[in-house]
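Each chain, written out:
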Amino acid sequence: MGVQLNIKDPATVQLARELADRTGRSVTETIRAALEREHVVREEELAVRLSRIREIGAQVARKMPEDLHGLTAKEAMDTLYDDGLPA
């Protein structure tokens with residue numbers, strides 16, 4: 001018994017068939033290639049977002065007072081607040 005994917009949307013089936021015809025590949029090969037491309041795009045987008053987050057973190061670290069470097073978030077907050085009130 002083979003693995004199956006049942007696409008019930010006629011427009012999606014039509015798009016897959018048209019692209020398969022234009023590329024000379026089977027519908028299965030066409031769908032697989034499209035999904036692989038989408039995976040690559042998503043991974044690239046994730047890498048860009050993670051890079052941006054790291055860049056923002058580095059900017060924050062550069063502007064952080066030296067006495068807060070190396071502290072946990074709780075430790076840093078404890079230096080700023082005393083029982084919920086500014087220290």
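Heads up: these notes are all about the structure in this document. (Residues numbered from 1 in each chain as written. Predicted model: local features only at pLDDT ≥ 70, side-chain atom pairs only at ≥ 80, totals over all residues. Heavy atoms only, no water.)

1. Some remarks on the overall build of the protein chain
Let me state the cut-off plainly: Helix numbers and strand numbers start at the N terminus; a helix is a DSSP run of H or I with at least 4 residues, a strand a run of E with at least 2. Restricting the calculation to C-alpha atoms gives the radius of gyration, and the globule rule supplies 2.2 Å times the number of residues raised to the power 0.38. The charge count includes Lys and Arg as positive and Asp and Glu as negative, but it does not include His or the ends of the chains. For the purpose of locating charges, the reference atoms are NZ of Lys, CZ of Arg, CG of Asp and CD of Glu.
Helices and strands together make up the secondary structure of the protein chain, namely three helices and two strands. Taken from N to C terminus, the helices and strands of the protein chain fall in the order α-α-α-β-β. Over its C-alpha atoms the protein chain spans a radius of gyration of 26 Å, topping by over 25% the 12 Å that the globule rule assigns to 87 residues. Of the side-chain charges in the protein chain, 13 are positive and 16 negative, and the distance between the mean point of each set is 9 Å.

2. Focus on the packing of helix α1 (residues 10–23) against helix α2 (residues 27–63)
Formally: Interaxial angle, 0 to 180 degrees, is taken between N-to-C directions of lines fitted to C-alpha atoms, where a helix line uses only the stretch in contact. Roughly parallel refers to an angle under 35 degrees, roughly antiparallel to one over 145, roughly perpendicular to one between 65 and 115, and oblique to any angle outside these ranges. In this description, contact between two residues means that some pair of their heavy atoms is separated by no more than 4.5 Å. Note on residue categories: nonpolar means Ala, Val, Leu, Ile, Met, Phe, Trp, Tyr, Cys or Pro, charged means Asp, Glu, Lys or Arg, and polar means any other residue, Gly included.
Where α1 contacts α2, the two axes come as close as 8 Å, and the packing angle between them is 100°. Considered as vectors, α1 and α2 are oriented roughly perpendicular to each other. Each of Ala16, Arg17, Leu19, Ala20 and Thr23 in α1 lies in contact with α2, whose residues at this interface are Val27, Thr30 and Ile31. Considering only residue class, the contact of α1 with α2 consists of five nonpolar, two polar and one charged.

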